[in-house]
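# Observations on the model geometry
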Amino acid sequence: MSPGEAILSRAATLRSEFGAELSDHVAESFFTEASAITRDTVQREGERGRMTLDRTIDRVLTSRALGFPVMFLMLWGVFWITIAGANYPSSLLAWLTMDVIHSWLHTAADAILLPAWLSGFLLDGVYLAMAWVLSVMLPPMAIFFPLFTLLEDLGYLPRVAFNLDRLFKWSGAHGKQVLSMMMGYGCNAAGIVSTRIIDSPRERLIAILTNNFSICNGRWPTLILIGTIFLGASAPAGMATLIASASVVFTCILGIIFTLLVSAILSRTWLRGQASTFSLELPPYRPPRILQTLWTSLIDRTLIVLWRALVMAAPAGAVIWLTSNIEIGDTSIAGHLVNLLGPLGWLMGLNGVILLAYVVAIPANEIIIPTILMLTLTLSITDPSLTGMASAGVMVEFEEGTIQRVLSLGGWTMLTAINLMLFCLLHNPCSTTILTIWKETRSLRWTAVATLMPLALGGIVCTATATIARLMGWV
Amino acid sequence: MSANPEIHSSVSLRSCEKCPLHNAANLRRLGVNTVGFDHVVALLGNPNTGKSTVFNALTGLRQHVGNWTGKTVARAEGAFHHRGRTFKLVDLPGAYSLFSSSHHEEIARDFVLFGQPDVTVVVVDATRLERNLVLVLQALEITDRVVVALNLMDEARRHAIEIDVRALSRRLGIPVVPMAARQGEGIPDLLRAIEEIVSGAFVPHPRQVNHQSESLERALSDLVPQIEAEFPHLPNARWVALRLLDGDHSIIQAIREGTLGNVDQMERRAMPSLNRPGLIEET
Amino acid sequence: MSAMTLDQLPQGKVAVVQSLTIQGELRRRLMDLGFVPGAQVEVEMRNPLGDPRAFRVMGSVVALRREQAAGITIALSEESR
Ligand SMILES: Nc1nc2c(ncn2[C@@H]2O[C@H](COP(=O)(O)OP(=O)(O)OP(=O)(O)O)[C@@H](O)[C@H]2O)c(=O)[nH]1
Ligand SMILES: [Mg+2]
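Thresholds applied
Residues numbered from 1 in each chain as written. Chains lettered and ligands numbered in written order. Predicted model: local features only at pLDDT ≥ 70, side-chain atom pairs only at ≥ 80, totals over all residues. Heavy atoms only, no water. Helix = DSSP H or I, 4+ residues; strand = E, 2+ residues; numbered from the N terminus. Buried < 20%, exposed > 50% of the residue type's maximum accessible area, 1.4 Å probe, protein only. Contact = heavy atoms within 4.5 Å. Areas by Shrake-Rupley, 256 points an atom, 1.4 Å probe, with all protein chains shown as cover. Buried area = accessible area lost by both parts, 1.4 Å probe. Salt bridge = Lys/Arg side-chain N within 4 Å of Asp/Glu carboxyl O. Polar contact = N/O pair within 3.5 Å; in protein donor to acceptor, adjacent residues only side chain to side chain. Nonpolar A, V, L, I, M, F, W, Y, C, P; charged D, E, K, R; others polar. Core = buried A, V, L, I, M, F, W, Y, C linked by side-chain atoms within 4.5 Å. 1 Å grid on protein atoms, 1.4 Å probe; cavity = no way out; pocket = protein on both sides within 12 Å on 5 of 7 lines; lining within 4 Å. Points joined across faces, edges and corners; volume = space filled by probe spheres on them. pLDDT = per-residue confidence, 0-100. Donors = N, O, S within 2.8 Å, 3.2 Å for Na, K, Ca; no water. Pairing = 2+ DSSP bridges. Axes fitted to C-alpha atoms, helices over the stretch in contact; angles between N-to-C directions. Near = heavy atom within 4 Å.

### Brief notes about the overall build of chain B
- For chain B, the count of helices and strands is twelve helices and eight strands.
- Out of the 283 residues in chain B, the part that is buried amounts to 63%.
- Residue pairs at least 24 apart in sequence account for 68% of intrachain contacts in chain B once pairs closer than 6 positions are excluded.
- Carbon together with sulfur atoms contributes 49% to the accessible area of chain B, which is approximately 10,700 Å² in total.

In C-alpha cells:
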C-alpha cells in the first residue's frame, strides 16, 4: 500500500469512528465564533427602516400579481427608451458617414486618380460596410447596454432568476441556469463559460446547449432595427415605438420559452435526470453609480462589440463588393448565390439575400443587417428606381424610411421581417461561441449539437410561420 | 494597460487619502503583465462582495462585475506595483466556505491552500458580516497572513450599520481595512496593510477557532504527522487532515493521484468533464 | 416549541433552525449559506408562482426550493407566537 493510500485508509477509519457529527461540529464552531465576534463589534440598531423598504420593494417585484407584469414592463421600457433614443442619432450618423464622408472620399479618390475598381472595392465595399455597422449599431448599443448594466448593478437580475425558477424546475434544468442565461444576454460565449457554476455535468450541458436562445449583444441591434423599421413603421403613428419595442420583448420572451422547452425535452430524453437543487442568494439592492456605469458599459460593452463588428464588417464588405461585381455569365456571383438560395429562403418566409447574408456573417452575428442592406442595394443596381441610392450619395434621408424603402423594393413583406426576427433568435451561434462551446465541452458531438440544433429549429419555426401565413392568405 | 483616471473622476475628494492622485502616486497598475513579481496576493471572499472590483481597481483590468453571485468562475491574474514591490494579484471565484465541494469554490480553496499566496485578502461584505466572518475564520486555519478588506462600507453606512473596526481587528488578530472599493475608498489603506504583512512590519496573531473537541484533536494528531511526512512541502497539513476527516472527495482524489498541492493540476481535475461517453447513459 | 420544517414556516413568523435532515453535498451547502442550528430564519418573499421562497438568514436572503427547505427542521421562536 502506498503512503497516500495508508493516509486515506487511516482517515476513513477515524471518519467512521466519529460519524457525521464531526463535520457538523467543525462547521458550527466557525459560526458560533463568527456570531460572537459580530455581537461584540456590530451595531445594527438603525438598520430596520431601510431593510423594510428593500423588503417592500422585493415583495412587490416578486408578488403573485405584479411579479411577471413588472418584469415585462421593465424590459419593454428598456427597449422603448432604446428605440426612441436611437432614432435620431442613427439617421445623423448615416447621413454623416454614408452621404457626406462617403462622397467626399469618392471625390478624393477621383482626385488621386484611383482606378474605379479599387475605389469601388475600398469605398463601396469595405468602407460602406463599416459605415453601416457604425450608424445602425452604435446608437442602440450605446443606450441599451448602459440600461442593462444599471439593472444588473441594481441587483434586479437575480430577482428575475428567482421569479423564473419555478418554470426552470419544471423543465428539469438547474436553478442556476437562469444566471448563465442572463450572462448570455450580454454575450453567449461568456454565458457558456459561466455555466461552470453548475456542478452536475448533465445540467451544465443543458445550460450550454440552450444558451444560444439568450439574445446576445450582437443580435439585439438586428432585432431593434427590424422591429423599428417594419413592425414599428406599420403601426399607427404614435404607437410605432411602443409596437417596435414590444416586438423585441416578445422575441426575447420567445427565447426564454425555447430555453424552457428544449431543456425540458433534453432532460426527459438524452440528458435524463433528476431536477437538482436550487439555492440562490439574492443580493441587496445597491444603488448603482450612474456615471461610472455609463462609462464602463461604454468601454466594456459598446466599444468592444462595435470594434468587433467593424473588424468583421470590413472583410464582409469586401466580399460583398467582390461577389456582386464579378460576373459569371451576365449575373454577378452574389446574384447566382441569391438565386440558388432563393427557393429555400422563400420556403422559410425569408429570401435568398438574407440567407446569403447569414452565410457571409457566420464569423459575427453583428453584421447581419448591414450585410443584408448592402446586398439588397448592390443587387438592385439594375433596378432603375434604386440606381440613385446605390451610387455615391447612398442613404440621404435615413429617417424618412429609406431602409424600409430599400427592403420593400428588395421584395420584403411583413412576413420577411417577422421571420428574420425569429431566425435571428434561432440560428447557429457565432464562431466565438462555437469555439467556446468546444473548449468547455471538449466534445465535437456536443459542439455540433449546440451549433446545428438552433439552426434546425430556426428552419422549422420559420417554415411553419411562412406556411401558416400563406395558407391563411396573410401575405 | 494604463490607469483609467476617468473611472475615478467621480470619487469624492473629501480627503487627500481618497484622492486618486495620491493613490496613483504609489500604485502603478500593470494589467496582465505578471512576469517577475515579488509577491502573490490572493483575493478571497463570499460571492458578490466586490473582489473583482478590488482587482480591477488595483490592476487596471476589467473583470466582469455585477450585483449577483457567481460572476467570476475561474482564476484571473493581474499585477500592480506599489512602493518598490511588484505584486501578482489573483482574483478568485466567490466562495461561501473553504469546505465546499462545488468546483468553482474548489478553485478558490485550492489556490489559498496550495498556491501559497504571500497575503490572502479576504474581501467581506460589511452589511453581512456574520456569515462573511466564517470564511475569514476558515482562512485563518490555513494561513496567518490574512488581511480583511471590509468592503461595501458605504452600504453599511446607508443601512446605519455601525462596525467597530478596531475591535474587530483586535478580535481577529489581523488587519481590517474599511473600504468602498467601487469608489476607490480605502485602496491606499489596503495597499499599506498588504505591504506591512509582506515586509514583516505587522505580524498577525490570528484567532484560531477552538473546536472544543478532544476526540477531534486526537484524530488530528494521528493524521497530521502522516500527511506531513508524505507531503513535506504542504503549507497546511492540519487543514488537509480536517478535510480528510470530513471525507472531501477532491482532496482524497488529489492524494490518490499525488497531485495534492499542485494548483494547476487540481484545478483541471475540479471541472467534471463533459466529454465522457458514459455521460448520457449514466445520468 | 412546535417542530416543523422550513417549507412550512408562515410569512411573518420568526423561527430558529434546529437541525438539517438533508445529507450529502447539499447539507454542506445549506450550512455554508447560514442554515446552521441556532440561526434565526424568516420568510422574506415568495416567487409569483409560490415556490421557491426566499429566507432571511444570517443577514442575507437565500432562495430555496420547497424540497430543500423541507430538509431543514425549525422551531418557531418565542417572540413570534
Ligand atoms: N456600493 C458599493 N458597491 C460595490 C462596492 N464594491 C463593489 N460593489 C458592487 O458590488 C457588486 C459586486 O462586485 P464584484 O466585484 O463583481 O463582486 P465579486 O466579489 O467579484 O463577485 P463574484 O465574482 O460573483 O464572487 C458590483 O455591482 C459592484 O459594482 C462598494 O464598495 N460599494
Ligand atoms: Mg468576481
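Now, onward.
### Re the interface of chain B and chain C
- Contact residues are listed per partner, giving twelve residues for chain B and ten residues for chain C.
- The junction of chain B with chain C conceals about 1,000 Å² of combined surface from both sides, 48% of it contributed by carbon and sulfur atoms.
- Inspection of the chain B/chain C interface yields two salt bridges.
- Of the charged contacts, one joins R28 of chain C and D246 of chain B as a salt bridge, the two residues approaching to 2.3 Å between their closest N and O atoms.
- Our count for the chain B to chain C interface comes out at five residue pairs in polar contact (both at pLDDT 80 or more).
- Across the side of chain B that touches chain C, the residue classes tally to two nonpolar, four polar and six charged.

### Quick word on the nonpolar core
Residue and element names in this part refer to chain A.
- Judged by nonpolar contacts, the single largest core of 118 residues is most densely connected at W220, I372 and L420.
- For this core, the leading source of residues is helix 5 (residues 116–154), giving 14 residues.
- Residue contacts for I372: discarding those within four places in its chain leaves V353, I354, A357, L407, W412 and L420.

### Thoughts on empty space enclosed by the protein
- Enumeration according to the criterion identifies six cavities of 30 Å³ or more in this entry.
- Approximately 70 Å³ is the volume attributed to the second largest cavity.
- Every residue lining the second largest cavity is counted, 14 residues in all, and those nearest its centre are E281 of chain A together with P47, N48, D125 and R128 of chain B.
- Of all elements in the fold, only strand 2 (279–282) of chain A together with helix 4 (129–142) of chain B reach the threshold of two or more residues within the lining of the second largest cavity.

### Here's the deal with the confidence of the model for chain B
- The predicted model of chain B has a mean per-residue pLDDT of 82, with 85% of residues at 70 or higher.
- Within the model, the stretch residues 1–21 of chain B combines pLDDT values under 50 with 29 contacts to residues more than four positions away or in other chains.

### Concerning the coordination of the magnesium ion (ligand 2)
Residues and elements named next belong to chain B.
- Only S52 (OG) and T72 (OG1) from the protein coordinate the magnesium ion (ligand 2), and they sit 2.0 Å from it. With S52 in helix 2 (residues 51–59) and T72 in the loop between helix 2 and strand 3 (76–82), this residue pair connects regions lying 20 residues apart in the sequence.
- Under the relative-accessibility criterion, S52 is labelled buried at 8%.

### Observations regarding the sheet that holds strand 3 of chain B
Residues and elements named next belong to chain B.
- Pairing is mixed in the open sheet, where seven strands are placed in the order 1-3-4-2-5-6-8. Edge positions in the sheet fall to strand 1 (27–31) and strand 8 (176–178), since each of these pairs with one other strand and no more. In this sheet, neighbouring strand axes are inclined to one another by 25° on average, regardless of whether the strands run parallel or antiparallel.
- Here strand 2 (residues 39–45) runs beside strand 5 (residues 119–125); their pairing, made up of five bridges, is parallel. The residue bridging L44 from the neighbouring strand is V122, located in strand 5.
- Strands in contact with helix 2 are strand 1, strand 2, strand 3, strand 4 (85–91) and strand 5; relative to strand 1, the strand with the most contacts, it is inclined by about 105°.

### Regarding the site of ligand 1
- Every one of the 26 residues lining ligand 1 counts as a neighbour, but K51, T53, K71, T72 and D154 of chain B are closest to it.
- The site occupied by ligand 1 is bordered by residues of chains A and B.
- In the environment of ligand 1, an oxygen atom lies 3.0 Å from a nitrogen or oxygen atom belonging to the backbone of G50 of chain B.
- At 2.6 Å from an oxygen atom of ligand 1 is found a side-chain nitrogen or oxygen belonging to K51 of chain B.
- Notes on ligand 1: free accessible area 660 Å², of which the protein chains cover 99%.
- Contributing elements (two or more residues each) for the shell around ligand 1: helix 2 and helix 5 (153–158) of chain B.
- A total of three residues in the shell around ligand 1 trace back to one element, the largest contributor, which is helix 2 of chain B.

### Some remarks on the interface of chain B and chain A
- With 79 residues of chain B in contact, the opposing surface of chain A contributes 78 residues.
- Buried surface at the junction of chain B and chain A, summed over both partners, amounts to about 7,200 Å²; 61% is from carbon and sulfur atoms.
- Of the charged contacts, one joins R10 of chain A and D222 of chain B as a salt bridge, the two residues approaching to 2.4 Å between their closest N and O atoms.
- The interface formed by chain B and chain A holds 21 residue pairs in polar contact (both at pLDDT 80 or more) in total.
- Pairing of strand 1 (residues 42–43) of chain A with strand 7 (residues 162–163) of chain B, which is carried by two bridges, proceeds in the antiparallel orientation. The partner of Q43 of chain A across the bridge, within strand 7 of chain B, is E162 of chain B.

### What about the pairing of strand 6 (residues 72–76) of chain C?
All names here are of chain C.
- Most of strand 6 is tucked away, with five of its five residues classed as buried.
- Bridge count for strand 1 (residues 3–5) against strand 6 is three bridges, and the pairing is antiparallel. Across the sheet, T5 pairs through a bridge with T73, a residue of strand 6.
- Bridge count for strand 2 (residues 14–20) against strand 6 is five bridges, and the pairing is antiparallel.

### Examining the sheet that holds strand 2 of chain C
- Taken in spatial order, the seven strands line up as 2(A)-5(C)-4(C)-3(C)-2(C)-6(C)-1(C) in an open sheet, and their pairing is antiparallel. One side of each edge strand has no neighbouring strand; the edge strands of this open sheet are strand 2 of chain A together with strand 1 of chain C. On average, adjacent strands in this sheet sit at an angle of 40° to one another, irrespective of strand direction.
- Against the sheet, helix 6 (residues 156–170) of chain A engages strand 2 of chain A together with strand 3 (40–46), strand 4 (53–57) and strand 5 (60–64) of chain C, with an angle of about 145° to strand 2 of chain A.

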